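# Fold and contact review
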Amino acid sequence: MAANWKMYKTPNQARDFFRDFLPLVSGHERDEIVVCPPFLDLPASVEAAKGSNVSIGGQNVHWKEEGAFTGETSAAQLLALGVTHVIIGHSERRQYFGETDDTVNLRLKAALEAGLIPICCVGEVLEEREAGLTDDVLRRQCVRAFHALSAKKAAKLVVAYEPVWAIGTGKTATPELAAEAHAVIRREASEIFGEEFAGKLRILYGGSVKPDNATALMSQEEIDGALVGGASLDAKSFAAIVKY
Ligand code: PGA
(Lines give C-alpha, C1' and ligand atoms only; values in the text may rest on other atoms or scores of the structure.)
Protein backbone atom coordinates (compact mmCIF):
# COMPACT_ATOMS: atom_id res chain seq x y z
CA MET A 1 0.00 0.00 0.00
CA ALA A 2 1.82 3.06 -1.23
CA ALA A 3 1.25 6.77 -0.72
CA ASN A 4 2.31 9.26 -3.37
CA TRP A 5 2.36 12.72 -1.83
CA LYS A 6 3.33 14.42 -5.13
CA MET A 7 4.32 18.07 -4.39
CA TYR A 8 2.47 18.34 -1.08
CA LYS A 9 3.67 18.90 2.51
CA THR A 10 6.66 20.59 4.11
CA PRO A 11 9.02 18.63 6.40
CA ASN A 12 7.02 19.76 9.46
CA GLN A 13 3.78 18.65 7.85
CA ALA A 14 5.43 15.32 7.03
CA ARG A 15 6.40 14.89 10.71
CA ASP A 16 2.84 15.68 11.77
CA PHE A 17 1.53 13.08 9.33
CA PHE A 18 3.76 10.33 10.72
CA ARG A 19 2.92 11.29 14.32
CA ASP A 20 -0.76 10.67 13.51
CA PHE A 21 -0.37 7.84 10.98
CA LEU A 22 2.08 5.43 12.65
CA PRO A 23 -0.10 4.59 15.67
CA LEU A 24 -3.04 3.91 13.32
CA VAL A 25 -1.14 1.23 11.37
CA SER A 26 1.21 -0.14 14.03
CA GLY A 27 1.05 -3.93 14.09
CA HIS A 28 -0.49 -4.05 10.60
CA GLU A 29 1.32 -6.93 8.96
CA ARG A 30 -0.85 -7.89 6.00
CA ASP A 31 0.64 -5.26 3.70
CA GLU A 32 3.92 -3.58 3.07
CA ILE A 33 3.31 0.15 3.66
CA VAL A 34 5.31 2.80 1.79
CA VAL A 35 5.05 6.58 1.85
CA CYS A 36 6.65 8.56 -0.99
CA PRO A 37 7.05 12.22 0.03
CA PRO A 38 8.71 14.98 -2.01
CA PHE A 39 12.52 14.81 -1.95
CA LEU A 40 12.89 17.65 0.57
CA ASP A 41 10.70 15.81 3.07
CA LEU A 42 12.67 12.56 2.85
CA PRO A 43 15.09 13.10 5.78
CA ALA A 44 12.26 14.12 8.14
CA SER A 45 10.11 11.22 6.92
CA VAL A 46 12.83 8.58 7.27
CA GLU A 47 13.58 9.88 10.76
CA ALA A 48 9.90 9.90 11.75
CA ALA A 49 9.23 6.40 10.39
CA LYS A 50 12.39 4.83 11.84
CA GLY A 51 11.68 1.52 13.60
CA SER A 52 8.09 1.42 12.32
CA ASN A 53 6.39 -0.82 9.76
CA VAL A 54 6.36 2.02 7.23
CA SER A 55 9.02 2.38 4.51
CA ILE A 56 9.91 5.57 2.69
CA GLY A 57 10.16 5.98 -1.08
CA GLY A 58 11.28 8.68 -3.50
CA GLN A 59 9.11 9.90 -6.36
CA ASN A 60 11.79 9.62 -9.03
CA VAL A 61 15.43 8.65 -9.52
CA HIS A 62 18.06 9.43 -12.14
CA TRP A 63 19.86 6.63 -13.93
CA LYS A 64 23.40 7.97 -13.54
CA GLU A 65 25.40 7.51 -10.37
CA GLU A 66 26.32 11.21 -10.29
CA GLY A 67 27.02 14.05 -12.67
CA ALA A 68 25.95 17.40 -14.06
CA PHE A 69 22.18 16.78 -13.97
CA THR A 70 20.65 19.81 -12.31
CA GLY A 71 17.54 19.02 -10.31
CA GLU A 72 18.01 15.26 -10.41
CA THR A 73 18.59 12.72 -7.62
CA SER A 74 20.60 9.50 -7.73
CA ALA A 75 19.81 6.09 -6.28
CA ALA A 76 22.87 6.37 -4.03
CA GLN A 77 21.58 9.66 -2.62
CA LEU A 78 18.21 8.10 -1.85
CA LEU A 79 19.77 5.01 -0.28
CA ALA A 80 22.12 7.13 1.84
CA LEU A 81 19.07 8.69 3.49
CA GLY A 82 17.46 5.34 4.27
CA VAL A 83 15.00 5.42 1.40
CA THR A 84 14.06 1.93 0.16
CA HIS A 85 11.48 2.43 -2.62
CA VAL A 86 11.04 4.71 -5.59
CA ILE A 87 8.17 5.58 -7.92
CA ILE A 88 9.24 5.53 -11.58
CA GLY A 89 7.41 6.73 -14.67
CA HIS A 90 4.43 8.32 -12.96
CA SER A 91 2.02 9.68 -15.56
CA GLU A 92 2.57 13.23 -14.28
CA ARG A 93 6.28 12.81 -15.08
CA ARG A 94 5.33 11.48 -18.52
CA GLN A 95 2.75 14.24 -19.12
CA TYR A 96 4.57 17.33 -17.83
CA PHE A 97 8.27 16.51 -17.62
CA GLY A 98 9.13 14.65 -20.78
CA GLU A 99 9.40 11.17 -19.27
CA THR A 100 9.40 8.52 -21.99
CA ASP A 101 9.25 4.72 -22.00
CA ASP A 102 13.00 4.77 -22.64
CA THR A 103 13.87 6.98 -19.67
CA VAL A 104 11.54 4.86 -17.53
CA ASN A 105 13.62 1.85 -18.58
CA LEU A 106 16.88 3.60 -17.68
CA ARG A 107 15.57 4.66 -14.27
CA LEU A 108 14.17 1.22 -13.59
CA LYS A 109 17.46 -0.50 -14.38
CA ALA A 110 19.39 1.95 -12.20
CA ALA A 111 16.98 1.58 -9.27
CA LEU A 112 17.08 -2.23 -9.37
CA GLU A 113 20.84 -2.26 -9.79
CA ALA A 114 21.20 -0.06 -6.71
CA GLY A 115 18.82 -2.17 -4.62
CA LEU A 116 15.84 0.19 -4.50
CA ILE A 117 12.36 -1.30 -4.87
CA PRO A 118 10.85 0.40 -7.92
CA ILE A 119 7.13 1.08 -8.31
CA CYS A 120 6.87 1.39 -12.08
CA CYS A 121 3.75 3.21 -13.27
CA VAL A 122 1.90 2.42 -16.49
CA GLY A 123 -1.52 3.46 -17.72
CA GLU A 124 -3.52 4.76 -20.66
CA VAL A 125 -4.93 8.24 -21.23
CA LEU A 126 -8.64 8.75 -21.87
CA GLU A 127 -8.32 8.99 -25.68
CA GLU A 128 -6.44 5.70 -25.75
CA ARG A 129 -9.10 3.97 -23.66
CA GLU A 130 -11.89 5.39 -25.80
CA ALA A 131 -10.10 4.24 -28.96
CA GLY A 132 -9.85 0.70 -27.57
CA LEU A 133 -6.07 0.94 -27.28
CA THR A 134 -5.69 0.27 -23.56
CA ASP A 135 -4.19 -3.22 -23.90
CA ASP A 136 -1.76 -2.12 -26.62
CA VAL A 137 -0.61 0.86 -24.60
CA LEU A 138 -0.07 -1.22 -21.46
CA ARG A 139 1.83 -3.88 -23.40
CA ARG A 140 4.02 -1.27 -25.10
CA GLN A 141 4.78 0.50 -21.83
CA CYS A 142 5.73 -2.80 -20.17
CA VAL A 143 7.86 -4.06 -23.06
CA ARG A 144 9.82 -0.82 -23.19
CA ALA A 145 10.09 -0.33 -19.43
CA PHE A 146 11.34 -3.88 -18.89
CA HIS A 147 13.69 -3.91 -21.89
CA ALA A 148 16.99 -5.70 -21.20
CA LEU A 149 16.01 -6.65 -17.66
CA SER A 150 16.24 -10.25 -16.45
CA ALA A 151 13.73 -11.88 -14.12
CA LYS A 152 16.52 -12.17 -11.57
CA LYS A 153 17.38 -8.48 -11.76
CA ALA A 154 13.72 -7.45 -11.72
CA ALA A 155 12.82 -9.65 -8.74
CA LYS A 156 11.77 -6.72 -6.52
CA LEU A 157 9.79 -4.92 -9.22
CA VAL A 158 6.36 -3.56 -8.34
CA VAL A 159 4.07 -2.28 -11.12
CA ALA A 160 1.31 0.28 -10.62
CA TYR A 161 -1.56 0.42 -13.08
CA GLU A 162 -2.73 4.01 -13.10
CA PRO A 163 -5.27 4.91 -15.79
CA VAL A 164 -4.45 8.59 -16.37
CA TRP A 165 -8.13 9.54 -16.62
CA ALA A 166 -8.67 8.29 -13.06
CA ILE A 167 -5.83 10.20 -11.40
CA GLY A 168 -6.96 13.08 -9.21
CA THR A 169 -10.26 13.22 -11.09
CA GLY A 170 -12.47 11.35 -8.63
CA LYS A 171 -13.21 8.88 -11.45
CA THR A 172 -12.09 5.43 -10.36
CA ALA A 173 -11.77 2.52 -12.72
CA THR A 174 -14.36 -0.06 -11.74
CA PRO A 175 -12.77 -2.98 -9.90
CA GLU A 176 -13.50 -5.19 -12.94
CA LEU A 177 -11.91 -2.76 -15.40
CA ALA A 178 -8.84 -2.41 -13.20
CA ALA A 179 -8.56 -6.18 -12.79
CA GLU A 180 -8.70 -6.63 -16.58
CA ALA A 181 -5.85 -4.17 -17.06
CA HIS A 182 -3.85 -5.88 -14.32
CA ALA A 183 -4.32 -9.20 -16.11
CA VAL A 184 -2.91 -7.65 -19.31
CA ILE A 185 0.14 -6.40 -17.41
CA ARG A 186 0.62 -9.79 -15.72
CA ARG A 187 0.40 -11.60 -19.07
CA GLU A 188 2.99 -9.24 -20.52
CA ALA A 189 5.24 -9.77 -17.50
CA SER A 190 4.85 -13.50 -18.03
CA GLU A 191 5.90 -13.16 -21.69
CA ILE A 192 8.96 -11.15 -20.69
CA PHE A 193 10.03 -12.67 -17.38
CA GLY A 194 8.25 -16.02 -17.26
CA GLU A 195 5.19 -17.39 -15.54
CA GLU A 196 6.69 -17.83 -12.10
CA PHE A 197 7.82 -14.20 -11.97
CA ALA A 198 4.45 -12.95 -13.22
CA GLY A 199 2.60 -14.99 -10.62
CA LYS A 200 4.52 -13.28 -7.83
CA LEU A 201 4.57 -9.79 -9.38
CA ARG A 202 2.76 -7.23 -7.24
CA ILE A 203 0.53 -4.95 -9.28
CA LEU A 204 -0.97 -1.93 -7.53
CA TYR A 205 -3.98 0.03 -8.71
CA GLY A 206 -3.81 3.82 -8.59
CA GLY A 207 -6.33 6.51 -9.50
CA SER A 208 -8.76 8.08 -7.03
CA VAL A 209 -8.45 5.30 -4.45
CA LYS A 210 -10.40 6.41 -1.37
CA PRO A 211 -11.39 4.75 1.91
CA ASP A 212 -14.85 4.03 0.51
CA ASN A 213 -13.75 2.27 -2.70
CA ALA A 214 -10.63 0.50 -1.39
CA THR A 215 -12.41 -2.67 -0.27
CA ALA A 216 -14.13 -3.23 -3.63
CA LEU A 217 -10.88 -2.65 -5.54
CA MET A 218 -8.75 -4.78 -3.24
CA SER A 219 -11.21 -7.66 -3.31
CA GLN A 220 -10.22 -8.30 -6.93
CA GLU A 221 -7.69 -11.10 -6.92
CA GLU A 222 -5.64 -9.39 -9.64
CA ILE A 223 -5.20 -6.23 -7.53
CA ASP A 224 -2.39 -6.61 -5.02
CA GLY A 225 -2.36 -3.14 -3.50
CA ALA A 226 -2.93 0.54 -4.10
CA LEU A 227 -0.90 3.61 -5.03
CA VAL A 228 -2.77 6.47 -3.40
CA GLY A 229 -2.36 10.17 -4.17
CA GLY A 230 -4.87 12.66 -2.76
CA ALA A 231 -6.32 10.36 -0.12
CA SER A 232 -2.86 9.57 1.28
CA LEU A 233 -2.25 13.13 2.46
CA ASP A 234 -4.50 12.66 5.47
CA ALA A 235 -3.28 10.16 8.08
CA LYS A 236 -6.73 8.82 8.96
CA SER A 237 -7.77 8.45 5.35
CA PHE A 238 -4.59 6.63 4.26
CA ALA A 239 -4.76 4.40 7.36
CA ALA A 240 -8.35 3.51 6.46
CA ILE A 241 -7.23 2.52 2.97
CA VAL A 242 -4.31 0.48 4.29
CA LYS A 243 -6.63 -1.38 6.66
CA TYR A 244 -9.58 -1.63 4.21
P1 PGA B 1 -4.94 10.05 -6.88
O2 PGA B 1 -3.46 9.88 -7.44
O3 PGA B 1 -5.14 8.98 -5.83
O4 PGA B 1 -4.97 11.43 -6.30
O5 PGA B 1 -5.87 9.88 -8.03
C6 PGA B 1 -2.90 8.61 -7.66
C7 PGA B 1 -1.50 8.74 -8.22
O8 PGA B 1 -1.29 9.63 -9.07
O9 PGA B 1 -0.59 8.00 -7.85
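A brief look at the structure comes next. As the structure is a prediction and not an experimental result, all values here were calculated from the model.

## Things to note about the side chain of N105
By the secondary structure assignment, N105 is in helix α5 (residues 101-114). Classification of N105 by relative accessible area gives buried; the value is 5%. Beyond its immediate sequence surroundings of up to four residues, N105 is in contact with R144, A145, F146 and H147.

## Thoughts on unusual backbone geometry
Of note, K9 is a non-glycine position whose phi angle comes to about 80 degrees, a positive value. On the secondary structure map, K9 appears in the loop between β1 (2-4) and α1 (11-25). With a relative accessible area of 23%, K9 lands in the partly exposed category. Look at A148: it is not a glycine, yet its phi comes out positive at around 60 degrees. As for its position among the elements, A148 is in the loop between α7 (134-145) and β6 (158-161). You can call A148 exposed: its relative accessible area is 61%.

## Some remarks on the pattern of salt bridges
The tally for this structure, following the rule as stated, stands at 17 salt bridges. E72 is the partner of R107 in a salt bridge, and the nearest nitrogen-oxygen pair spans 3.5 Å. Of this pair, R107 sits in helix α5 while E72 sits in the loop between β3 (54-58) and α3 (75-81), and the two are 35 residues apart along the sequence. For E72, a relative accessible area of 31% gives the class partly exposed. Through salt bridges with shared partners, one network takes in R94, D101, R140 and R144.

## Overview of the packing of aromatic side chains
On inspection of all chains with the given rule, the structure shows 9 aromatic pairs. Consider the rings of F146 and F193, whose centres lie 5.4 Å apart with planes at 40 degrees: the pair is tilted. Of this pair, F146 sits in the loop between α7 and β6 while F193 is found in helix α8 (residues 175-193), placing the two residues 47 residues apart along the sequence. By the burial criterion, F146 is buried, and F193 matches it.

## Overview of the packing of α1 against helix α11 (residues 235-242)
α11 packs onto α1 with a crossing angle of 30 degrees between their chain directions and a minimal axis gap of 9 Å. One element, α1, and the other, α11, form an angle in the roughly parallel class. Viewed along their axes, α1 and α11 form a crossing whose handedness is right-handed. Residues F17, D20, F21, L24 and V25 of α1 lie in contact with α11, whose contacting residues are A235, K236, F238, A239 and V242. Here the contact of α1 with α11 is built from residues that sort into 8 nonpolar, no polar and 2 charged.

Conventions and cut-offs
- Residues numbered from 1 in each chain as written.
- Predicted model: local features only at pLDDT ≥ 70, side-chain atom pairs only at ≥ 80, totals over all residues.
- Heavy atoms only, no water.
- Helix = DSSP H or I, 4+ residues; strand = E, 2+ residues; numbered from the N terminus.
- Buried < 20%, exposed > 50% of the residue type's maximum accessible area, 1.4 Å probe, protein only.
- Contact = heavy atoms within 4.5 Å.
- Salt bridge = Lys/Arg side-chain N within 4 Å of Asp/Glu carboxyl O.
- Phe/Tyr/Trp six-rings, centres within 6.5 Å; stacked < 30°, edge-to-face > 60°.
- Axes fitted to C-alpha atoms, helices over the stretch in contact; angles between N-to-C directions.
- Parallel < 35°, antiparallel > 145°, perpendicular 65-115°, else oblique.
- Left-handed = near helix turned anticlockwise from the far one by under 90°.
- Nonpolar A, V, L, I, M, F, W, Y, C, P; charged D, E, K, R; others polar.

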